[in-house]
Amino acid sequence: MDRVSSFDEPLKKLLGGATAKVMAEHLDLHTVGDLLHHYPRRYEERGKLTALADLPLDEHVTVVAQVADARILMFNNGRGKRLEVTLTDGSGRLQLVFFGHGAHKPHKELLPGRQAMFAGKVSVFNRKMQLAHPTYQLLDASDADEATEAVDAFAGRLLPIYPACKQLDSWRIAKAVDAVLPSARDAVDPLPASLREGRGFTPLPEALLKVHRPQTKADIEDAKARLKWDEAFVLQVALARRRYADTQLPAVARRPVADGLLDAFDAKLPFTLTEGQEKVSKEIFDDLATEHPMHRLLQGEVGSGKTMVALRAMLAVVDAGGQAAMLAPTEVLAQQHHRSITEMMGELAEGGMLGGSDRGTKVVLLTGSMGMAARRQALLDLVTGEAGIVIGTHALIEDKVQFHDLGLVVVDEQHRFGVEQRDALRSKGKQPPHLLVMTATPIPRTVAMTVFGDLETSVLDQLPAGRSPIASHVVPAKDKPHFLARAWERVREEVGNGHQAYVVCPRIGDDAEEAGGKKGKAKKKTAEEDPEKRPPLAVLEIADELRRGALAGLGVEVLHGRMHPDEKDDVMRRFAAGDVDVLVATTVIEVGVNVPNATAMVIMDADRFGVSQLHQLRGRVGRGSAPGLCLLVSEAHEASPARARLSAVAATLDGFELSRIDLEQRREGDVLGQAQSGVRSSLRMLTVIDDEEVIAAAREEAAAIVAADPELEHLPELRTVLAALLDKEREEYLDKG
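Residues numbered from 1 in each chain as written. Predicted model: local features only at pLDDT ≥ 70, side-chain atom pairs only at ≥ 80, totals over all residues. Heavy atoms only, no water.

Colleague: In this structure, what is going on with the sheet that holds strand β19 (residues 582–585)? I would like to understand it.
Modeller: Pairing between the strands of a sheet is mediated by backbone hydrogen bonds and can be parallel or antiparallel. Taken in spatial order, the 6 strands line up as β16-β21-β20-β17-β19-β18 in an open sheet, and their pairing is parallel. Sheet topology places β16 (470–476) and β18 (556–559) at the edges, where each strand pairs with a single neighbour. Across the sheet, the axes of successive neighbouring strands diverge by a mean angle of 20°, strand direction being ignored. Both β18 and β19 contribute to a ladder of 4 bridges, which runs parallel. Each residue of the ladder has a partner; that of V558, found in β19, is V584. Relative to β16, helix α23 (residues 641–651) is tilted by about 160°, and along the sheet it contacts β16 and β21 (628–634). (Pairing = 2+ DSSP bridges. Helix = DSSP H or I, 4+ residues; strand = E, 2+ residues; numbered from the N terminus. Axes fitted to C-alpha atoms, helices over the stretch in contact; angles between N-to-C directions. Contact = heavy atoms within 4.5 Å.)

Colleague: Would you mind showing me how to read a nonpolar patch on the surface here?
Modeller: A cluster of nonpolar residues, L57, V124 and M129, forms a patch on the protein surface that exposes about 240 Å² of accessible area. Structurally, V124 is set in strand β5 (residues 115–125). (Patch = residues over 30% accessible without salt bridge, like charges linked within 9 Å, V, L, I, M, F, W, Y side chains within 5 Å. Areas by Shrake-Rupley, 256 points an atom, 1.4 Å probe, with all protein chains shown as cover. Salt bridge = Lys/Arg side-chain N within 4 Å of Asp/Glu carboxyl O.)

Colleague: Is there a simple way to explain unusual backbone geometry in this structure?
Modeller: Peptide bonds are trans in most cases, and residues, glycine excluded, mostly fall at negative phi. Its identity is not glycine, yet H133 carries a phi of approximately 45°, on the positive side. Examined against the element boundaries, H133 turns out to sit in the loop between β6 (128–132) and β7 (135–138). The residue D605 is not glycine, and still its phi comes out positive at about 50°. Here D605 is to be found in the loop between β20 (598–603) and α22 (611–618). Exposure remark for D605: the relative accessible area of 3% places this residue in the buried category. (Buried < 20%, exposed > 50% of the residue type's maximum accessible area, 1.4 Å probe, protein only.)

Colleague: Where do I start with the sheet that holds strand β11 (residues 362–366) in this structure?
Modeller: Read across the open sheet, the 7 strands follow the order β11-β12-β10-β13-β14-β9-β15; overall the sheet is parallel. Edge positions in the open sheet fall to β11 and β15 (456–460), since each of these has one partner strand only. Across the sheet, the mean angle separating the axes of adjacent strands is 20° when strand polarity is ignored. Bridge count between strand β10 (residues 323–327) and strand β13 (residues 406–412): 5 bridges; the pairing is parallel. Residue pairing across strands places M326 opposite V410, the latter belonging to β13. Against the sheet, helix α12 (residues 275–288) makes contact with β9 (295–300), β13, β14 (434–439) and β15, and its axis sits at roughly 160° relative to β15, the strand it touches most. Lying on the sheet, helix α15 (residues 372–384) is in contact with β10, β11 and β12 (387–392); it crosses β11 at an angle near 130°.

Colleague: Just checking my understanding: could you explain the environment of L249 for this structure?
Modeller: Looking at the secondary structure, you find L249 in the loop between α10 (217–248) and α11 (261–268). Owing to a relative accessible area of 29%, L249 belongs among the partly exposed residues under this scheme. The sequence separation of L249 and H292 amounts to 43 residues, and the corresponding C-alpha distance is 5.5 Å.

Read these as spatial facts, not as claims about activity.
In C-alpha cells:
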C-alpha cells in the first residue's frame with residue numbers, strides 16, 4: 001500500500017497551509033494525486049511572444065512579452081499615481097496599469113527591454129486594450145546580453161498553462177506541481193500489462209511527467225492518449241461491473257399472456273404502431289421475460305410515442321400478475337400522464353368498477369397534494385393489488401407506500417429524478433423490479449455510454465404519422481422591435497384560426513422568489529454593477545402586459561411552480577379543453593404536456609435557456625394536424641454565442657444534432673457533473689463529445705475484462721485505482737444508476 005500513500009498525501013504537508021487551502025477551496029484539489037491529475041489546459045511556447053494582436057476581450061489571458069516603456073503618471077491633482085507599462089511582441093501592443101502602492105514593485109522591475117510573463121483579464125480603456133494589475137513573472141536575466149541568452153534558452157520550451165483561479169495563478173500552480181512531481185513515480189498503473197503493451201501506451205508515471213513537463217509536442221500527445229484512455233477505461237470498468245452485478249440479481253420474469261389486457265388494449269388502438277415502436281417494444285418484452293432485472297434507457301424525440309411503448313410494457317406486466325409504477329418529475333406531469341393513460345385505456349382502466357372491463361385493472365394517481373381520503377384509497381388499492389398501474393411523483397417512494405407485487409418501474413425524464421429516489425422505489429419490490437428509464441432529451445451515444453453506461457439503450461427516432469412540422473424563427477427584439485410586434489400578431493392569427501399558444505418565460509416574477517434570500521442580494525448586486533444585466537423576464541409581468549396590450553381581449557392565463565397543485569391542474573384542464581387561448585408559463589410545461597390544438601409558442605429571453613431545453617419546449621407545439629410555430633425572442637447581440645445557439649435551434653428539428661451542439665458548448669462539466677451524479681466529474685482529460693472512439697473501445701475492453709474476472713482478482717492495481725477514483729459518492733451513484 002505504500003505505493004498509493006504518496007498519492008493520498010494531503011497537499012498541506014508539501015505546499016504549506018495557505019497554498020493548500022486555496023487549492024482545496026477554489027480548485028477542489030486536496031491530495032498529491034489530485035494535483036497530479038490537474039492537467040495543463042494548454043502550453044505556451046516559452047520565448048515565443050504571444051500574439052498581442054488578437055487578445056480576446058473580457059477573458060483571462062497569459063502573455064509572454066517585452067516591456068517597451070514604463071512611466072509614472074499623476075492624477076487627481078497629484079494625490080494619486082499610476083504606473084503605465086507598454087508591452088510589445090512584434091504583432092501588437094498592450095498596456096498594463098498599476099495603481100497606488102501596487103505600482104511600487106513593478107516600477108522597479110518592469111524596465112524597458114525586460115521580458116516577462118503576465119496574467120490578467122483583458123479590458124478596454126480609452127479605446128486601448130489593457131490589463132489592470134496583472135500578476136507577472138520575470139523571465140529574463142538582469143542585463144540585456146544575458147536577457148537575449150535567457151530568451152534563447154527558453155525558446156521551444158513548452159510552458160504549461162494550468163486551469164487557475166483568481167487567488168492562484170497558473171505559474172504558482174506549476175511550482176506546486178514541481179514539488180509533487182517526484183510522486184508520479186509511485187503512480188499505480190491500472191491497465192493490465194497486456195492491454196497497455198497491445199495498444200502501445202506510455203507507462204502511467206511517464207505519462208504524468210510528460211503531461212506536466214513536456215520536452216516536445218509529441219510528449220504531450222503521448223501523455224494525452226494514455227491519460228484519456230485511463231479515464232475512459234476505469235469508468236467503463238466500473239459500469240461493466242455494475243451491469244454484471246445486475247445480471248446476478250434475481251427478478252420475476254414477466255411474460256405477456258394471450259388474450260389479456262395488452263391484447264385488448266392493442267385491439268382498441270385507432271392506429272398502428274410505428275416500426276420503431278414495434279422494435280423497441282420487442283427489446284423491452286425480451287428483457288421482461290428474463291429472470292434478472294431489465295435496466296433499459298428509452299430515449300426518443302419529443303412526441304415519438306414513448307408513453308405508448310411504456311404503457312404497453314406496463315400492461316404486459318399487469319397481465320403477468322405484477323404491478324407497474326410510473327414516476328414523473330412534477331405533479332403537473334403525473335396528472336397529465338394519469339389523464340392521458342386512462343383516456344387511452346378507456347374502460348380497461350376501470351377494473352372492478354361499474355362499466356369497467358372484466359379484463360381491466362385500476363389505474364391510480366398518487367401525489368403529495370392529494371386529499372386524505374383519495375390518498376388512503378390509492379394506498380389500499382396498491383397494497384391489495386387492486387390497482388395494476390400507479391402513476392405519481394416521488395410521493396410514491398415514501399415509506400408508507402406498499403405494493404402487492406411491484407414488477408416494473410418506469411421513470412419519466414431521468415435527468416430530473418435523483419438516483420436515490422429511483423433506488424428507493426426499486427427496493428419496494430419483493431425482488432428488484434424491472435426498470436425502464438425514459439428521456440425526451442436526446443443523448444449523444446458517448447454520453448449514453450458514460451452517464452447511462454449501466455443501462456441498455458433503446459432509441460425511438462421516427463415520429464408517428466400525422467405529426468406536423470414546426471417552423472422556428474429567432475426574433476431579435478432589441479435590434480428589430482417590429483419583429484416582436486409581428487410575433488404577437490402571429491399569436492393572434494393562430495388564436496383567430498381556432499388554435500392556442502404558449503408564451504414561456506424564465507422566471508415567475510412578483511419577486512417573492514428574490515425577497516429576503518441570498519438570491520435577492522446577489523441579483524441586486526449584479527444589476528448595480530452591470531445595468532445591462534436586467535433580470536430575466538417573468539411570467540406574471542409578461543402576462544399582465546399582454547392582457548393590457550398586444551393580446552388584449554384574448555383569454556390569457558398563467559401557469560408556474562408556485563401555484564397550488566389544484567389550481568395548476570385546473571388551468572391545464574381548461575387549456576387542454578380549449579377554454580384558454582394563451583398560456584403564459586415557466587418551463588413547467590417542458591415535459592409531457594400534450595395539447596394538440598396548441599400550435600404557437602413564443603419563448604421570451606430564449607437565450608437564457610439551454611439548447612436541449614429549447615428543443616423540449618418547442619416539442620409542445622405541432623402535436624396535432626396543424627403546423628407548429630416556435631418564436632425564439634432574444635435581446636442578445638447578433639454576433640454573440642447566445643444568438644448562434646438560438647440560430648442552431650431554429651435551423652434543425654433533429655434533437656440528436658442539437659444535443660451534440662449543446663454538449664459542445666457546455667462541455668462535460670454539466671453533463672457528467674452535479675446534474676447527473678451529485679458529485680463532480682472525474683473526467684479531466686477525456687472530452688465526451690470528441691473522444692467517442694476512445695470511449696467505445698474502452699467499453700469493449702472493460703466488458704471483456706469484467707466478463708473474464710468480475711471481481712478483478714487478478715488485477716489488484718485496477719481494483720486499487722477503481723477504489724480511489726470512485727470515491728464513496730460516485731460509487732453510490734453508479735450503484736444506483
